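Working through the structure, step by step
As a plain string of letters, each chain reads:
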Amino acid sequence: MSKTNSGNFFEDFKIGQVIAHATPRTVTTGDVALYTALYGPRFAVQSSDAFAHQIGYPKSPVDDLLVFHIVFGKTVPDISLNAVANLGYGDCRFLAAVFPGDTLSATSEVIGLKENSNGQTGVVYVRSRGRNQKGVVVLDYVRWVMVRKRDPNAPAPAEVIPQLPRALAPDQLGDALPVIDVRKYDFALAGAKHRWGDYLPGERIDHVDGMTVEEAEHQFATRLYQNTAKVHFNQFSEGQGRFGRRLIYGGHVISLARALSFNGLANAFHIAAINGGRHVSPLFAGLTVFAWTEVLERAEIHGRSDVGALRLRTIATKDQPCAGHPLKEGDAYHASVILDLDYWALIPR
Amino acid sequence: MSKTNSGNFFEDFKIGQVIAHATPRTVTTGDVALYTALYGPRFAVQSSDAFAHQIGYPKSPVDDLLVFHIVFGKTVPDISLNAVANLGYGDCRFLAAVFPGDTLSATSEVIGLKENSNGQTGVVYVRSRGRNQKGVVVLDYVRWVMVRKRDPNAPAPAEVIPQLPRALAPDQLGDALPVIDVRKYDFALAGAKHRWGDYLPGERIDHVDGMTVEEAEHQFATRLYQNTAKVHFNQFSEGQGRFGRRLIYGGHVISLARALSFNGLANAFHIAAINGGRHVSPLFAGLTVFAWTEVLERAEIHGRSDVGALRLRTIATKDQPCAGHPLKEGDAYHASVILDLDYWALIPR
Amino acid sequence: MSKTNSGNFFEDFKIGQVIAHATPRTVTTGDVALYTALYGPRFAVQSSDAFAHQIGYPKSPVDDLLVFHIVFGKTVPDISLNAVANLGYGDCRFLAAVFPGDTLSATSEVIGLKENSNGQTGVVYVRSRGRNQKGVVVLDYVRWVMVRKRDPNAPAPAEVIPQLPRALAPDQLGDALPVIDVRKYDFALAGAKHRWGDYLPGERIDHVDGMTVEEAEHQFATRLYQNTAKVHFNQFSEGQGRFGRRLIYGGHVISLARALSFNGLANAFHIAAINGGRHVSPLFAGLTVFAWTEVLERAEIHGRSDVGALRLRTIATKDQPCAGHPLKEGDAYHASVILDLDYWALIPR
């Protein structure tokens, strides 16, 4: 019996199975500093304890995406070590603020299974939850991955495909955001005057700046998240693989796009939910990431007059500035597109 | 109306105008650890809470240059996004110690304007101030940048050129340094026996070691400072530009030279003022930085018997060891010189 | 008289001499976050304050190897600045847990001297000790280095070669580990079910994963440890040297191998002692590190029923997966081997 983890194969997953993932992780101001150095985010609430305290937080919360990446990283050894592809994620909600000093752990429940017709692989749907040291769920999301079968002759399980919402309803948003005192939210210090009411559905915003990615950067990030997926770290094996290069963790692209989006969305400081995300094509070191955003919807949150919700679709590209809002070429994505992300952000009214 | 920041152009600046810069920033021990990893500084006061406490600080103060870079970074989106060149800075004083947990914010006042004869650009002089969460000014400096005009036909403003001191007077130094107990300053632990009285004007010190810079390193640093200047990050656009490469933030060179200068200036642990600084030529990744220092002056600080001031001129070079103190070739700088920095450091007597 | 440190030469060392090394260093959660980003370790005790507290620590201790690297780094300017080669180390014990906030300093005592027959160099043996701010010894180890003579005509000292144990005795282990409550040690959260009794002498474990190293990564690490050895940082001079490249700090390889070894040794969370270590061949950026481990011994620790000791031999390779346990080719090491490390790890019973 090997003592090393060879990961789960498709036939190892059962509907209703709950997996407790390894390595709880205390998040610290050290992680926050590294996150700043990796992406350069400038949202005032996450950057300044004083600013956060002024509007009603005890201190700066940890960036939502840092929470996402840490929880996601924990699920990798059990869920996607033998994945052929990450197909998507959705129904993702941030449910409680995380602060430096909190300890995160993760569990996943298998909620869907579908063997592919080739008999070699199947799709596994899991609902993953991140909890803090008090057991409070801080993050809840679904992802689905294509996983290899260990034995092609293993029988196919009964097919279960979960129903997922195309988007979270506005009233499901805001749990991780305390009611804030907007009179004390200093828009000059936050970097822009634009509030919820200033954004219109259909509006498109080019985030202008580009950020080139180095191998050391994405490796630092992915190890910080304790994400062990081999494709990000092992040039020896990847050099002999499909791309001849290390693949950059998709979450790295999301964080880059989010940090670039400050330029145009400076006050949309909290991601409340991710409706869906697709890594359209891979990113490699040496390429430059750009981003643009379309406002899909503007919604009130029942009972809250402090903030409103913007449903945003952020597109990230590689080596392609976004003044022309690149997205599709005919029915397919434009060759430069690497990320298509649909999410809800909250912003003062 | 675009929601993205396109920065200020020359005609947007008015004498007396005060700009509150975005994104206040809480400095943490995470930032300090990253600063150590970026440059490898070894000054005992900034490295050890126990050492700092022993001589009279509550705990280790944040490195002066980390404070400078964070404050400087905040000014970039408003002052130098459309800059053609950073021409210089001076009259820079460190006025209060900064500790992990403090939150820094920045403002700038326009104190000088001079349109260039080509009508395309002008020079803007700003006095920038960094404040902590209590409103105490921790850093005060002037910089001047050449900024593009939006409209070449816009009328030239009245010319105002501020008078700046060639060097701060010794009695203007020391505000950020509590009176220390030199008897409890352990020179062996600090790494050298040399005190204020051991340095002589005219003395030249080769700092010996060289440090090669990687793209990932200067990008990490510049993002950590939330400095958004495009030239440091965007290989896609810079690859088509003047140098064909990303330009390294000048402050990165200052911090490298300062860390190298420990070898010869181990007890000169506090930068009290920067009299002037010039980035003589650009640095690119892959090159190796060396440094040497000339002692320009030695001065007492009125009323203080614990420390004295050394006025230092530190020269940094690229791919050129400094045993021969490279500086000029005829009237011009030696081709290897990248930095010419004139500053006051304090050192136990 | 130069104010720069040119390091000690062979004839500067005297038996019994004690050197207090410069720059005490407060270890913070920032350092811990960087350590995680550099290597991706996943041991639950060091990762989660909640997990550590549950079993009996006040909070997560700092990774043993981070302590080792910081203490080691302090010794470099005095011991090995003029070293031709690091020959080995041994008799290394971790004697007290280190926590964020502790300040480490280091001293070394010269315990052996042997001039080489060529008259150009000699071997210096030092016992180095790391202490916390209370003066408690947290780390004690011996290393020996080949150091240049300043003057080949200087007389040879009397030869003294210290006797070192081949391995620490089991009863010398465990001082840095409080008695833990194994009932509260959650093996699922820790990532594996294997306890002390599950490992057998002679067992070989391939740690499977590979990690490619970038220049920026090892430079970040080595500066974080304030290790000033020139060969790691200066491409200008190293480019003209023996390898034409910067050499990676040997401790970086140890930490990579240790982090990879989680896959197979997830519960062996504490390194109690290093019996001996040899850097068999150099590592350079761009190469991929793999590792495998042989269990050499399994030992009880007198008076402790909570944990037992495993004596492990971990081999790291470059660009060579370890499924075949590469080690020797005839009498010599396999060309891929870079590290041969013999150490004691503690693991719940």
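Up top is the structure these notes are about.
Everything numeric in this text was worked out from a predicted model, so none of it was measured.

Residue and element names in this part refer to chain C. Summarising burial for helix α1 (residues 29-39): nine of the eleven residues are buried, a large majority. Those residues of α1 that sit buried are G30, D31, A33, L34, Y35, T36, A37, L38 and Y39. Two or three places before G30, at the start of α1, stands the capping residue T28, its side-chain oxygen 3.0 Å from that residue's backbone nitrogen. Once α1 ends, the next one or two residues include G40, with phi positive near 70°.

This paragraph deals with the interface of chain A and chain C. Between chain A and chain C, the residue contacts involve 33 residues of the former and 43 residues of the latter. Counting across the chain A and chain C interface gives four salt bridges. When the shortest N-O distance is used, the salt bridge between E217 of chain C and R223 of chain A registers 3.1 Å. In this structure, the connection of chain A to chain C is made through 20 residue pairs in polar contact (both at pLDDT 80 or more). Those elements that provide at least two residues to the side of chain A that touches chain C are β2 (25-26), α1 (29-39), β4 (103-115), α6 (215-224) and α7 (235-238) of chain A. The element contributing the most residues to the side of chain A that touches chain C is α6 of chain A, with six residues. Tallied by class, the residues present in the side of chain A that touches chain C amount to ten nonpolar, 16 polar and seven charged.

Turning our attention to the relation of the copies chain A and chain C. You can overlay chain A on chain C at an RMSD of 0.0 Å; the transform is a turn of 120° with a shift of 0.0 Å along its axis. Such a turn and shift between the copies fits a three-fold axis. Considering only C-alpha atoms, the part of chain A nearest the rotation axis is G30 of chain A, at 2.2 Å. A low fraction, 15%, of the interface residues of chain A reappear at the interface in chain C, so the copies pair through non-equivalent surfaces.

This part is about the interface of chain B and chain C. The interface is formed by 43 residues belonging to chain B together with 33 residues belonging to chain C. Contact between chain B and chain C buries roughly 3,000 Å² in total, counting both sides, with carbon and sulfur atoms accounting for 60%. Among the residues of chain B in contact with chain C, A37, R42 and L189 of chain B are the three that bury the most area, contributing 18% of the side total. Our enumeration of links across chain B and chain C arrives at four salt bridges. Residue E214 of chain B is joined to R246 of chain C by a salt bridge in which the shortest nitrogen-to-oxygen separation is 2.9 Å. For the pair chain B and chain C, the interface holds 20 residue pairs in polar contact (both at pLDDT 80 or more).

A few words on the nonpolar core. One finds F220 and Y225 of chain A, F220 and Y225 of chain B together with F220 and Y225 of chain C to be the most contacted residues of the largest nonpolar core, which totals 195 residues. When we break this core down by domain, the ones giving at least three residues each are domain 1 (1-27 + 62-164) and domain 2 (180-349) of chain A. Once residues lying within four places of it in the same chain are set aside, the contact partners of F220 of chain B are L34, A37, L38, E217 and F220 of chain A, L38 of chain B together with F220 of chain C.

It is worth spelling out the packing of helix α1 (residues 29-39) of chain B against helix α6 (residues 215-224) of chain B at this point. All names here are of chain B. The geometry of α1 relative to α6 is characterised by a closest axis approach of 10 Å and an angle of 150° between their N-to-C directions. Considering the angle they form, α1 stands roughly antiparallel to α6. Like other packed secondary-structure pairs, α1 and α6 cross with a definite hand, here left-handed. Two secondary-structure elements touch here, α1 through D31, L34, L38 and Y39 and α6 through E217, F220, A221 and L224.

Each value, and the rule that gives it
Residues numbered from 1 in each chain as written. Chains lettered and ligands numbered in written order. Predicted model: local features only at pLDDT ≥ 70, side-chain atom pairs only at ≥ 80, totals over all residues. Heavy atoms only, no water. Buried < 20%, exposed > 50% of the residue type's maximum accessible area, 1.4 Å probe, protein only. Helix = DSSP H or I, 4+ residues; strand = E, 2+ residues; numbered from the N terminus. Polar contact = N/O pair within 3.5 Å; in protein donor to acceptor, adjacent residues only side chain to side chain. Contact = heavy atoms within 4.5 Å. Salt bridge = Lys/Arg side-chain N within 4 Å of Asp/Glu carboxyl O. Nonpolar A, V, L, I, M, F, W, Y, C, P; charged D, E, K, R; others polar. Least-squares fit on C-alpha atoms with pLDDT ≥ 70 in both. Buried area = accessible area lost by both parts, 1.4 Å probe. Core = buried A, V, L, I, M, F, W, Y, C linked by side-chain atoms within 4.5 Å. Domains from an automatic or database assignment. Axes fitted to C-alpha atoms, helices over the stretch in contact; angles between N-to-C directions. Parallel < 35°, antiparallel > 145°, perpendicular 65-115°, else oblique. Left-handed = near helix turned anticlockwise from the far one by under 90°.

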